[in-house]
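This is what each chain is made of:
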Amino acid sequence: DTAVSQTPKYLVTQMGNDKSIKCEQNLGHDTMYWYKQDSKKFLKIMFSYNNKELIINETVPNRFSPKSPDKAHLNLHINSLELGDSAVYFCASSHGRVSEQYFGPGTRLTVT
Amino acid sequence: KQEVTQIPAALSVPEGENLVLNCSFTDSAIYNLQWFRQDPGKGLTSLLLIQSSQREQTSGRLNASLDKSSGRSTLYIAASQPGDSATYLCAVFWDAGKSTFGDGTTLTVKP
């Protein structure tokens, strides 16, 4: 009965590769988010989608491309991975844009 | 631009103490403020959400207050337990979906 799930939980890859992280929520929410938490534990929003439409893109390099096939899914595709992309990526969802957010367990990405 | 500061960065207390975590933000034009808990290597767990029109919210031993005009929120934890040990994050939500998180307060409750 997981509310917000992410796959994979861990991802180790080499520089230059392309990878995807998947997120699914079964809460019936219409808004989903991607956050990045760096090595200093600072959490920052990357993208926000409402009803499958992009509403926030916080100066993220265009190597990062979110895709929302439906309201329950928001996947993150990353091209040409760089060392600086190493971080924990969290997916979250909410009902509407300004209500309580529920977070997934995170995906730890390590780029070597 | 919204900035969020949490003080202290770390706190260590003996079991049973009441404690207060502080969060301050620079722009009072917010929609709501949310307190989260993060355990090492885990995701974020929502503790309390305070809407901009509210002054406080309570859940069990937790009480969060909000003073928008002064740009402050506090999280009060009563009768602390070792299981409360975690990092507590304050997040301010503004401009229809944007958010700014504080750096967190790492709490250690000693048995």
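The rules behind these values
- Residues numbered from 1 in each chain as written.
- Chains lettered and ligands numbered in written order.
- Predicted model: local features only at pLDDT ≥ 70, side-chain atom pairs only at ≥ 80, totals over all residues.
- Heavy atoms only, no water.
- Helix = DSSP H or I, 4+ residues; strand = E, 2+ residues; numbered from the N terminus.
- Rg over C-alpha atoms; globule rule 2.2 N^0.38 Å.
- Contact = heavy atoms within 4.5 Å.
- Areas by Shrake-Rupley, 256 points an atom, 1.4 Å probe, with all protein chains shown as cover.
- Lys, Arg positive; Asp, Glu negative; His and termini not counted.
- Charge placed at Lys NZ, Arg CZ, Asp CG, Glu CD.
- Disulfide = S-S within 2.5 Å.
- Buried area = accessible area lost by both parts, 1.4 Å probe.
- Salt bridge = Lys/Arg side-chain N within 4 Å of Asp/Glu carboxyl O.
- Polar contact = N/O pair within 3.5 Å; in protein donor to acceptor, adjacent residues only side chain to side chain.
- Nonpolar A, V, L, I, M, F, W, Y, C, P; charged D, E, K, R; others polar.
- 1 Å grid on protein atoms, 1.4 Å probe; cavity = no way out; pocket = protein on both sides within 12 Å on 5 of 7 lines; lining within 4 Å.
- Points joined across faces, edges and corners; volume = space filled by probe spheres on them.

Novice: Would you explain the overall build of chain B in this entry?
Specialist: The secondary structure content of chain B amounts to zero helices and eleven strands. When the helices and strands of chain B are placed in sequence order, the string is β-β-β-β-β-β-β-β-β-β-β. The globule rule puts the C-alpha radius of gyration for 111 residues at 13 Å, and the 13 Å found for chain B is close to it. A sequence separation of at least 24 residues applies to 54% of the contacts in chain B between residues at least 6 apart. Looking at chain B as shown, the accessible area adds up to about 5,100 Å², and 48% of this sits on carbon and sulfur atoms. Of the charged side chains in chain B, 9 are positive and 10 negative; the average position of the first set lies 2 Å away from that of the second.

Novice: How should the state of the cysteines be read in this particular structure?
Specialist: Joining two cysteines, a disulfide is a covalent bond between their sulfur atoms. Residue and element names in this part refer to chain A. Tallied over the entire structure, the rule returns two disulfides over all chains. Covalent S-S linkage joins Cys23 and Cys91, the inter-sulfur distance amounting to 1.8 Å. Linking Cys23 and Cys91, the disulfide has an S-S dihedral of approximately -75 degrees and is accordingly described as left-handed. Taken together, the positions of Cys23 in strand 3 (residues 19-25) and Cys91 in strand 9 (residues 87-94) put the pair 68 residues apart, joining distant regions of the chain.

Novice: I'm lost on the interface of chain A and chain B in this one. Help?
Specialist: Each partner contributes to the interface: chain A provides 17 residues, whereas chain B provides 18 residues. Of all residues in chain A, Leu43, Val98 and Glu100 of chain A give up the largest surface area on contact with chain B, accounting jointly for 30% of the area buried on that side. Between the two partners, chain A and chain B, sit zero salt bridges. Joining chain A to chain B, the criterion identifies four residue pairs in polar contact (both at pLDDT 80 or more). Of all the elements in the fold, those that place two or more residues in the side of chain A that touches chain B are strand 4 (31-37) and strand 5 (43-50) of chain A. A per-element tally of the side of chain A that touches chain B places strand 4 of chain A first, with three residues. Grouping the amino acids of the side of chain A that touches chain B by side-chain chemistry returns ten nonpolar, four polar and three charged.

Novice: Is there a simple way to explain the layout of surface pockets in this structure?
Specialist: Summary: where empty space remains is shown by rolling a probe the size of a single water molecule over the atoms. Put simply, the largest pocket is a space of about 450 Å³. Gln37, Lys41 and Arg108 of chain A together with Gln38 and Gly41 of chain B are, among the 27 residues lining the largest pocket, the residues nearest its centre. Among the secondary structure elements, those contributing two or more residues to the lining of the largest pocket are strand 9 and strand 11 (107-111) of chain A together with strand 9 (86-94) of chain B. Element by element, the count of residues in the lining of the largest pocket is highest for strand 11 of chain A, at four residues. Looking at side-chain class alone, the lining of the largest pocket contains nine nonpolar, eleven polar and seven charged residues. Of the volumes computed, that of the second largest pocket is approximately 330 Å³.

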